[in-house]
Amino acid sequence: SLYVNPLYRSKGIGSAIVSELLKRHDDDEEEEKEDVLSTTSGTTVCLLTLRPTIPFYEKHAFRVVEQERIPQPLQLEFAAGSLLSILLGNTLVCMVRD
């Protein structure tokens, strides 16, 4: 989960955190490619978030995927989170970055 106190929002803190995590992912992936001499393209990064945060993650190259395309390891978490989100008056979405 990523949460930035409202007093500190719009200062680039959330973007800096997401950018650093994605950089670390990409760096780790690059090291793995060098270790096994792989030529495959990168892995997909997935996240679950609330609908109002979609524009924030789109700035980091994420896109919304349909419920039918949610990766198997996230399906149970998505189902449980969706029920809770509905009770709280929101909508949970899955986003991916290829």
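Remember, it's a predicted structure, so these values are computed and weren't measured experimentally. (Residues numbered from 1 in each chain as written. Predicted model: local features only at pLDDT ≥ 70, side-chain atom pairs only at ≥ 80, totals over all residues. Heavy atoms only, no water.)

(A) Seen up close, the side chain of H60. In this structure, H60 sits in the loop between α2 (54-58) and β2 (63-65). Of the residues examined, H60 reaches a relative accessible area of 12% and is grouped as buried. Excluding residues that lie within four positions of it along the chain, H60 makes contacts with S15, V18, S19, L22 and R97. (Helix = DSSP H or I, 4+ residues; strand = E, 2+ residues; numbered from the N terminus. Buried < 20%, exposed > 50% of the residue type's maximum accessible area, 1.4 Å probe, protein only. Contact = heavy atoms within 4.5 Å.)

(B) Summary view of the pairing of strand β3 (residues 92-97). Burial analysis of β3 places six of its six residues in the buried class, which makes it a mostly covered element. Covered by surrounding structure in β3 are L92, C94 and V96 together with V93, M95 and R97, the residues of both alternating faces. Relative to β3, strand β1 (residues 45-50) runs antiparallel, the two being bridged by six bridges. Bridge pairing in β3 places V45 opposite R97. (Pairing = 2+ DSSP bridges.)

(C) Spatial organisation of the state of the cysteines. For the structure shown, the criterion picks out zero disulfides. Cysteine C46 remains unbridged, with the sulfur of C94 as its closest cysteine sulfur at 5.2 Å. (Disulfide = S-S within 2.5 Å.)

(D) Region of the structure containing the nonpolar core. In terms of nonpolar packing, the biggest core is built from nine residues, these being V18, L22, V45, L47, I54, Y57, F62, V93 and M95. When contributions to this core are tallied by element, the ones reaching two or more residues are α1 (13-36), β1, α2 and β3. When sequence neighbours within four positions are dropped, the list of residues in contact with V18 reads L2, F56, Y57 and H60. Formed by seven residues, the second largest nonpolar core is a distinct cluster that contains V65, L92, C94 and V96. (Core = buried A, V, L, I, M, F, W, Y, C linked by side-chain atoms within 4.5 Å.)

Just geometry here; none of it tells us what the structure is for.
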